[in-house]
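Remarks on the overall topology
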Amino acid sequence: MKPNTLLDLLSDHRVHSGESLAKQLGVSRTAVWKQIRKAVAEGIEVTTIRGQGYQLVTELDLLDRQKIVDGLAKEYEDKIDVTVLKEVDSTNAEVARKLLAPGHGMPVVLADAQTEGRGRRGRSWSSPKGQNLYMSMGLTLRGGFEGLSGLSLVLGVAVVRALSRLGVQGAGLKWPNDLYAGGKKFGGILVEIQGELQEGQVQVIAGLGINVHMKEAIAVDQPWTSLLKHWPEQKWVRNDLATEVINGVAEALVHFEQEGFSVFRDEWQRYDIFLGQPLAAREGSLSGTGAGVDAGGNYQLETDGGLISVMAGDISLRVTA
């Protein structure tokens, strides 16, 4: 039995007998019962009504490849290869595997659950099943490694634009790759170079995690929020969010390849949650006031000795007050 096949049948929130479910799935009633128990253990509420059957209580938001593909802009629909999985070790790892045997178009992988999701510096990324958006894209960019300067910041801008098109105002960016709202993190971007430079092109895997429906989190060591928690008035549909993000990233990459980070710099500054804040390095004694990013996407600190640019790979910044 596929992990979410049973949930698909229960998603109308009506009462379904164990016998009818077993018949539709081609399994035994015991197998249905075991799958119900598994869903409940994963935090999905299913009521057992004695003598009648099972009824789904939790509101589901299942990923649907066809709905995502149908929403792609016409200029990108033949250039993007979308894969939707129920579960994967990590969407970044799956894209890496796909890049070893290139298909047609830019590989984009989404999953309902990750077992080994990662954030910056190898930190684990909380990936509860069916609640958030876990997505990775395999990007092939011209111009070599030097042309990647500012890429993660451009992706952040693309995501904020996508959220804006869905009616969200007030999303911010924390340098170099986090999405914030109300002082709390709701998403992150992880960019990994894949392989070596070939024929003037470099392959990059861009992973994106966005907390969508999540209300509780285990073992998260920083203030966090989700789209539902911060913008509860919105009706959040992961398929719609995925489509907007994919379209936004594809559009942004066209301009990034043609003109570099410079055309995104001013817009990124508008979302900068560090701007004007007293900052200090997590490692070392560097401190100053947030002054936005330079032309290469490095963060600038206004110090007693003037402007100092900080590279993402060298240091992490935090607000000190």
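Residues numbered from 1 in each chain as written. Predicted model: local features only at pLDDT ≥ 70, side-chain atom pairs only at ≥ 80, totals over all residues. Heavy atoms only, no water.

Our focus in this paragraph is the packing of helix α6 (residues 151–165) against helix α9 (residues 262–270). How two helices pack is summed up by the angle between their axes together with the distance between the axes. Closest axis-to-axis distance for the α6/α9 pair is 10 Å, and the angle between their directions is 60 degrees. Classified by the angle between their axes, α6 and α9 sit oblique to one another. The hand of the α6/α9 crossing is left-handed. In contact with Leu153, Val154, Val157 and Arg161 of α6, α9 contributes Phe264, Glu267 and Trp268. Residues that form the contact of α6 with α9 fall into these classes: five nonpolar, no polar and two charged. (Axes fitted to C-alpha atoms, helices over the stretch in contact; angles between N-to-C directions. Helix = DSSP H or I, 4+ residues; strand = E, 2+ residues; numbered from the N terminus. Parallel < 35°, antiparallel > 145°, perpendicular 65-115°, else oblique. Left-handed = near helix turned anticlockwise from the far one by under 90°. Contact = heavy atoms within 4.5 Å. Nonpolar A, V, L, I, M, F, W, Y, C, P; charged D, E, K, R; others polar.)

Time to look at the sheet that holds strand β7 (residues 178–181). Note: strands within a sheet are paired through backbone hydrogen bonds, in either parallel or antiparallel orientation. Sheet architecture is open: seven strands sit in the order β3-β4-β5-β9-β8-β7-β6, paired in mixed fashion. At either end of the open sheet lies a strand with only one pairing partner, and these are β3 (80–85) and β6 (172–174). Pairwise comparison of adjacent strand axes, ignoring direction, gives a mean angle of 20 degrees for this sheet. The sheet contact formed by strand β5 (residues 133–142) and strand β9 (residues 201–210) spans 10 bridges and is antiparallel. Note that in β9 the partner of Met137 across the bridge is Ala206. Contacting β5, β6, β7, β8 (184–198) and β9, α6 runs over the sheet at an angle of about 135 degrees to β8. (Pairing = 2+ DSSP bridges.)

Before going further, it helps to spend a moment on a nonpolar patch on the surface. Taken together, the side chains of Phe145, Ile193 and Leu197 present a nonpolar region at the surface, about 270 Å² in accessible area. Mapped onto the secondary structure, Phe145 falls in the loop between β5 and α6. (Patch = residues over 30% accessible without salt bridge, like charges linked within 9 Å, V, L, I, M, F, W, Y side chains within 5 Å. Areas by Shrake-Rupley, 256 points an atom, 1.4 Å probe, with all protein chains shown as cover. Salt bridge = Lys/Arg side-chain N within 4 Å of Asp/Glu carboxyl O.)

We now examine the sheet that holds strand β10 (residues 278–281). Ordered in space as β13-β12-β11-β10-β14, the five strands form an open sheet in which the pairing is antiparallel. This sheet does not close on itself; its edge strands, each paired only once, are β13 (306–310) and β14 (317–319). Here the strands of the sheet are splayed against their neighbours by 45 degrees on average, with no regard to which way each runs. One ladder, built from three bridges, connects strand β11 (residues 287–293) with strand β12 (residues 299–303); its direction is antiparallel. Note on β12: the bridge partner recorded for Gly290 is Leu301.

Functional significance is not addressed by these values, which are geometric in nature.
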